[in-house]
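Overview (structure and organization)
Each chain, written out:
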Amino acid sequence: MRGMEEFVTEEDPLPPAPGEAEHPALALANSAIALPGGHTADLLGAPARAEQWLMRRDLAPEDTGMAETCATQLRSLREQIRSLLASRVAGHAALPAAVTAINDAMTRVPTASLLMWDEKTGPYRTAPHPTTAIVEHALAVIAADAADLLTSPDADRLTACASPPCNRFLLKHGRRQWCSTRCGDRVRAARAYARRTHAPAE
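Description of the structure in this document.

As for unusual backbone geometry
The residue after Pro-164, namely Pro-165, is reached through a cis peptide bond having omega 5°. Mapping Pro-165 onto the fold places it in the loop between β5 (158-160) and β6 (169-171). You will see that Asp-58, though not glycine, has its phi angle at about 55°, which is positive. In this fold, Asp-58 is placed in the loop between α3 (47-56) and α4 (68-90). Of note in the backbone geometry, Asp-63 takes a positive phi value of approximately 60° without being a glycine. Examined against the element boundaries, Asp-63 turns out to sit in the loop between α3 and α4.

Remarks on the pairing of strand β2 (residues 39-42)
As paired strands, strand β1 (residues 32-35) and β2 are joined by 4 bridges and run antiparallel to one another. Paired with Leu-35 across the strands is His-39, a residue of β2. Where β1 folds back onto β2 in an antiparallel hairpin, the turn is made up of 3 residues, including Gly-37, whose phi is positive at roughly 80°.

Some remarks on the pairing of strand β4 (residues 122-126)
On any regular strand, side chains alternate: one points to one face of the sheet, the next to the other face. Where strand β3 (residues 114-118) and β4 come together, 5 bridges link them in antiparallel fashion. Residue Leu-115 lies in a different strand from β4, and its bridge partner there is Arg-125. Linkage of β3 to β4, two consecutive antiparallel strands, is achieved through a turn of 3 residues.

Some words on the pattern of salt bridges
Following the criterion strictly, the structure yields 6 salt bridges and no others. Residue Arg-168 is joined to Glu-20 by a salt bridge in which the shortest nitrogen-to-oxygen separation is 3.6 Å. Here Arg-168 is found in the loop between β5 and β6, whereas its partner Glu-20 is found in the loop between α1 (4-9) and α2 (24-29), with 148 residues between them in sequence. For Arg-168, a relative accessible area of 2% corresponds to the buried category. Residue Glu-20 is classed as buried on the basis of its relative accessible area, which comes to 10%. Between Arg-157 and Asp-154 there is a salt bridge, with its nearest N and O atoms 2.8 Å apart.

Remarks on the environment of Gly-174
As for its position among the elements, Gly-174 is in the loop between β6 and α7 (181-197). Relative accessible area serves as the criterion here: at 67%, Gly-174 is assigned to the exposed category. With 17 residues separating them in the primary sequence, Gly-174 and Arg-157 have C-alpha atoms 9.3 Å apart.

A word on α4
Residue pairs three or four apart in sequence face the same way in an α-helix, which turns once every 3.6 residues. With 23 residues, α4 extends 33 Å from end C-alpha to end C-alpha; this agrees with the ideal 33 Å at 1.5 Å per step. For α4, every residue scored as buried is listed here: Cys-70, Ala-71, Leu-74, Arg-75, Leu-77, Arg-78, Ile-81, Arg-82, Ser-83, Leu-84, Leu-85 and Ser-87. Within two residues after α4, Gly-91 carries a phi angle of roughly 75°, on the positive side.

Observations regarding the packing of α4 against helix α6 (residues 130-151)
Viewed as axis vectors pointing N to C, α4 and α6 meet at an angle of 5°, and their least axial separation amounts to 11 Å. Here α6 runs roughly parallel to α4, going by the angle between their axes. Between α4 and α6, the residues in contact are Cys-70, Gln-73, Leu-74, Leu-77, Ile-81, Leu-84, Leu-85 and Arg-88 and Thr-131, Val-135, Leu-139, Ile-142, Ala-143, Ala-146, Leu-149 and Leu-150, respectively. Residue composition of the contact of α4 with α6, by class: 13 nonpolar, 2 polar and 1 charged.

Cut-off values and rules
- Residues numbered from 1 in each chain as written.
- Predicted model: local features only at pLDDT ≥ 70, side-chain atom pairs only at ≥ 80, totals over all residues.
- Heavy atoms only, no water.
- Helix = DSSP H or I, 4+ residues; strand = E, 2+ residues; numbered from the N terminus.
- Pairing = 2+ DSSP bridges.
- Salt bridge = Lys/Arg side-chain N within 4 Å of Asp/Glu carboxyl O.
- Buried < 20%, exposed > 50% of the residue type's maximum accessible area, 1.4 Å probe, protein only.
- Expected span 1.5 Å × (residues − 1).
- Axes fitted to C-alpha atoms, helices over the stretch in contact; angles between N-to-C directions.
- Parallel < 35°, antiparallel > 145°, perpendicular 65-115°, else oblique.
- Contact = heavy atoms within 4.5 Å.
- Nonpolar A, V, L, I, M, F, W, Y, C, P; charged D, E, K, R; others polar.

If you want it as structure tokens, here you go:
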């Protein structure tokens, strides 16, 4: 049996939650995972892992060379999206800062090459730093998807996994309220234990 430490450091500790394949914003929100025993798994915990996460979703090419600054931007967007999804699930008003963060990410990507001026050669136009441009494009795509998810019919299917301590979101199908078979098994095991321990004595 694998130890918890091995489980926590795996690249993908859980299978994708329902809806992640269609919505990269949902996948990003679920990239920080709460696990039993107070453990966590952060799929964006280091620049190399954040780069791999983007690559697997065709949001960055291989060998992007992501720096910690860019990984921090991705993790920051994740927290804002999680805030918005939690507000939608709970039926509460969204935090204005979270809405602003989504709009900023969508509109930050340059639509043209920028004007630069070299002291020796004079004016020229060029794209922003390649890595920065790649990351900002990825952030814009994810932010736009978050806006689409929250304003589409799929938003009515959005829910939080009902298997504590899991903190992932999913798009429910039928009565299913958990994000994976593992979480579902944990719920069923807890219910069975409750029935046994609360059964009347004969």
